[in-house]
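Inside the fold
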Amino acid sequence: MEIKRSTEELEDNHVMQISGSNGIVHNMEFMSQAYLRNQYSSEIDIHEEFVSPYPHEDAPLPIFLKFEDVEYKVRNIQASLKTMVSKVVTHTNQDPDGYKHILKGITGSTGPGEILALMGPSGSGKTTLLKIMGGRLTDNVKGKLTYNDIPYSPSVKRRIGFVTQDDVLLPQLTVEETLAFAAFLRLPSNMSKEQKYAKVEMIIKELGLERCRHTRVGGGFVKGISGGERKRTSIAYEILVDPSLLLLDEPTSGLDSTSATKLLHILQGVAKAGRTVITTIHQPSSRMFHMFDKLLLISEGHPAYYGKAREAMEYFSSLRILPEIAMNPAEFLLDLATGQVSDISLPEELLATKTSQPDSENVIVKYLQLRYKTDLEPKEKEENHRNTKAPEHLQIAIQVKKDWTLSWWDQFMIIFRRTFRERRRDYFDMLRLVQSLGVAVVLGLLWWKSKTDTEAHLRDQVGLMFYICIFWTSSSLFGAVYVFPFEKIYLVKERKADMYRLSVYYVCSTLCDMVAHVLYPTFFMIIVYFMAGFSRTVPCFLFTVLTILLIAITSQGAGEFLGASVLSIKRAGMIASLVLMMFLLTGGYYVQHIPKFMQWLKYLSFMHYGFRLLLKVQYTGDQVFDCASKGGCRTLQSSSSFDTVNLNGGLEELWVLLGMAFGYRLCTYFCLRKKISICHL
């Protein structure tokens, strides 16, 4: 790569503004010139005039990406155990220490205005390399990876757009809502609401999403837009904020040839706007293949070809490797990458190997890898890595970290609206309402006008209170335990892009869910309380309802903590079941006199404190009952149902439950922060 102008000339003619609050505001005249490819050389020129398809916006900061001798390995636990037992490693890709090599010395470069395609058979390492380029994988990575000759840093993070193979979009939002919320969160605060809406409108038109703008995105069991529309929405979601580097993982998977070609035309327009575009591709059509500017062919983690896509056939022809029949270039290259050479003519040295050795496919792949190392790699390293440097002002600009575009409160208002809109169908689900009200009516009928005039009747009413605790503890616990495991992929994606603060997301999530955890128990208690004949005083009724709400909110916090600690739907459900069972047994109804060596369990149970508080609110110790018995009237405190509860002992359980509700949420936040930071899509 040869930069045709000197750094000094560019710096004399161009102005760059740096804003502390909004990151870098690009007001640079050098952006009016194209960083376009020369299709017949390996240079990236910066003196061709080009017109942005987005005329009313500043062009993105150019990023020249270079990667040299990139290696990546993962630990193979099963192989490690075998190695420890036998001390022998038989797998060719396995280290003696139990690591499996995925990438083995990948070298290349690309710049603004170019589309670099990563091709190779399944399992060759394309997606892994893409994640490394996007900063999603950092552990066990070797080699040199630079952006404008600067290593990856948090300042680069918000300049990268990453479109995953599986479209990660909230299913209940419409296309327009998805893009609008992204615009409000990620676009600079100096843009007005009207300007942000205008940009969303422009992106929708550019990507042909007008027809489905008011349709839910869908996914899973939610009906929504088509696969091609969902993929275009994912791309719109990323280019909305002008990423300098756009990475796409298999963007044409599941699309027909026409839709895939249309999508690639869109990516060409994105690249011509001054962005660097890198995409993995499995098997493109002939037309799509010739739309790529550069091509990196990967075979078993090794590079087999790197250079201009149009020159790939010419390169293999120079090696005397030619298709014998008319063949799609992409199909030809993939056959070579796997060693499948039927209908392909080979040089004499390979023909002899093919007939004499049983593992001829492996020999052919090794030959291609060796020729790349001797013919292409030295030239790439010399021209684009050793003798070329990015302009100094680009090196400075890439190191300036963008601040949050919005304040904490502004992010809170946007995320709260988005979260509520996404989950409102769950909150106001008719089945959920029927369940709560139906159970309330059944309980009211079973305990119709219950009394406390005898020991048996008192025990019945106490049993009802404990069942109410069980019902709302289990409902709230299981209603919250799956929230973060289900939303993990969305949270990881948006946090990797620094879309918002994690604290904002968590506060919005727990407050929105609290709507259901407050609304349904209130309706439930209004029905049960008066049907079951509880104490008919206003303070007693209000304190009883507030106690049930506090139990539900504490259970919600416990469920969130359990879900955030594992972030797995299956494991979260199992752990929640075990915890709930333990809390039921130590709640104070089934077993009042717990052995001393097991008493510590009840102090962990919020059901224990909630049940005691409910009894204290409903009854008083000097209240009399059982007056018809031979012994005469007795106080409630003398009943065996309250052996371990001092009904006149104050409401210290209230403060314990409040502390638990807050403590669970604090632990949830730190668990989320730790887990999300190590998760990868």
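Nothing here was measured: the structure is a model prediction, and the numbers come from that model.

**Looking at helix H23 (residues 652-678)**
- A rise of 1.5 Å per residue sets the reference length of H23, with its 27 residues, at 39 Å; its end C-alpha atoms lie 40 Å apart and thus fit the reference within 8%.
- Three or more residues of H23 are buried, namely Glu 653, Leu 657, Met 660, Ala 661, Tyr 664, Arg 665, Thr 668, Tyr 669, Leu 672 and Ile 676.
- Buried-residue contacts for H23 involve helix H18 (483-496), helix H19 (502-531), helix H20 (538-566), helix H21 (569-585) and helix H22 (606-618).

**Quick look at the packing of aromatic side chains**
- For the coordinates displayed, the defined rule picks out 32 aromatic pairs.
- Plain terms: the ring middles of Trp 409 and Phe 412 are 5.2 Å apart, the flat faces sit at 25 degrees to each other, and that makes the pair stacked. Residue Trp 409 and its partner Phe 412 are both found in helix H15 (residues 408-427); the two are separated by three residues, about one turn of the helix.
- Under the relative-accessibility criterion, Phe 412 is labelled buried at 9%.
- The interplanar angle of 20 degrees and the centroid separation of 5.1 Å between the aromatic rings of Phe 466 and Tyr 589 together place this pair among those described as stacked. Taken as a pair, Phe 466 in helix H17 (residues 455-481) and Tyr 589 in the loop between H21 and H22 lie far apart in primary sequence, 123 residues in all.
- For Phe 466, a relative accessible area of 1% gives the class buried.
- Members of the aromatic cluster, connected to one another through ring pairs, are Tyr 305, Tyr 315, Phe 316 and Phe 332.
- One Lys or Arg, Lys 73, reaches over the ring of Tyr 99 and ends 4.7 Å from the middle of that ring.

**Some details on a nonpolar patch on the surface**
- A cluster of nonpolar residues, Phe 428, Leu 519, Phe 523, Ile 526 and Phe 530, forms a patch on the protein surface that exposes about 430 Å² of accessible area.
- Tracing the backbone shows Phe 428 in the loop between H15 and helix H16 (430-446).

**Quick look at the packing of H15 against H19**
- With their axes 8 Å apart at the nearest point, H15 and H19 run at an angle of 40 degrees to one another. It follows from the interaxial angle that H15 and H19 lie oblique. By crossing handedness, the relation of H15 to H19 is classed as right-handed. Contacts from Trp 408, Gln 411, Phe 412, Ile 415, Phe 416, Thr 419, Phe 420, Arg 423 and Tyr 427 in H15 reach Ser 503, Val 504, Tyr 505, Val 507, Cys 508, Ser 509, Leu 511, Cys 512, Asp 513, Val 515, Ala 516 and Tyr 520 in H19.
- Residue composition of the contact of H15 with H19, grouped by class: 15 nonpolar, four polar and two charged.

**Observations concerning the sheet that holds strand S9 (residues 150-151)**
- Across the sheet, four strands lie side by side as S6-S5-S8-S9; this open sheet has antiparallel pairing. Each edge of the open sheet carries a strand with a single partner, namely strand S6 (99-110) and S9.
- Two strands pair when backbone bridges link them, and strand S5 (residues 65-75) and strand S8 (residues 141-147) are joined in this way by six bridges, in the antiparallel orientation. Among the inter-strand pairings, Lys 66 is bridged to a residue of S8, identified as Thr 146.
- Its contacts with the sheet put helix H13 (residues 360-386) on S5 and S6, and the angle it makes with S6 is roughly 55 degrees.

**Here we look at the sheet that holds strand S13 (residues 294-299)**
- Pairing is mixed in the open sheet, where six strands are placed in the order S10-S11-S12-S7-S13-S14. Looking at which strands have only one partner, the edges of the open sheet turn out to be strand S10 (160-163) and strand S14 (302-308). Taken over all neighbouring pairs, the strand axes of this sheet differ in orientation by 15 degrees on average, direction set aside.
- Taken together, the four bridges between strand S11 (residues 245-248) and strand S12 (residues 276-281) define a ladder with parallel strand orientation. Across the sheet, Leu 245 pairs through a bridge with Thr 276, a residue of S12.
- Together, strand S7 (115-119), S10, S11, S12 and S13 form the strand contacts of helix H3 (residues 126-133), whose direction differs from that of S12 by roughly 155 degrees.

**Concerning the confidence of the model for the chain**
- Confidence along the chain averages 82 in pLDDT terms, with 86% of residues attaining 70 or more.
- Low pLDDT (under 50) marks residues 1-57, which in the prediction has 142 contacts with non-local residues, meaning those over four places away or in another chain.
- Confidence drops under pLDDT 50 across residues 83-92; counting only partners more than four residues distant or on other chains, this segment forms seven contacts.

**Observations concerning the pairing of S6**
- Within S6, 10 of the 12 residues are buried, leaving the element largely enclosed by the surrounding structure.
- Strand direction decides the pairing type here: S5 and S6, joined by nine bridges, are antiparallel. Bridged to Leu 65 within S6 is Thr 110.

**Some thoughts on the nonpolar core**
- Core analysis: the largest hydrophobic core is formed by 128 residues, its most contacted members being Phe 316 and Ile 321.
- With eight residues, the single largest contributor to this core is helix H5 (residues 175-186).
- Counting contributing residues per domain, this core is built from domain 1 (169-242) and domain 2 (408-678), each supplying no fewer than three.
- Phe 316 has contacts with Leu 297, Ala 304, Tyr 305, Ile 321, Phe 332, Leu 333, Leu 336 and Leu 368, leaving out every residue within four places of it along the chain.
- Grouped together as the second largest cluster of nonpolar side chains are 56 residues, Trp 472, Val 481, Phe 583 and Phe 611 included.

Procedures and definitions
Residues numbered from 1 in each chain as written. Predicted model: local features only at pLDDT ≥ 70, side-chain atom pairs only at ≥ 80, totals over all residues. Heavy atoms only, no water. Helix = DSSP H or I, 4+ residues; strand = E, 2+ residues; numbered from the N terminus. Expected span 1.5 Å × (residues − 1). Buried < 20%, exposed > 50% of the residue type's maximum accessible area, 1.4 Å probe, protein only. Contact = heavy atoms within 4.5 Å. Phe/Tyr/Trp six-rings, centres within 6.5 Å; stacked < 30°, edge-to-face > 60°. Lys NZ or Arg CZ within 6 Å of the ring centre and 35° of its normal. Patch = residues over 30% accessible without salt bridge, like charges linked within 9 Å, V, L, I, M, F, W, Y side chains within 5 Å. Areas by Shrake-Rupley, 256 points an atom, 1.4 Å probe, with all protein chains shown as cover. Salt bridge = Lys/Arg side-chain N within 4 Å of Asp/Glu carboxyl O. Axes fitted to C-alpha atoms, helices over the stretch in contact; angles between N-to-C directions. Parallel < 35°, antiparallel > 145°, perpendicular 65-115°, else oblique. Left-handed = near helix turned anticlockwise from the far one by under 90°. Nonpolar A, V, L, I, M, F, W, Y, C, P; charged D, E, K, R; others polar. Pairing = 2+ DSSP bridges. pLDDT = per-residue confidence, 0-100. Core = buried A, V, L, I, M, F, W, Y, C linked by side-chain atoms within 4.5 Å. Domains from an automatic or database assignment.

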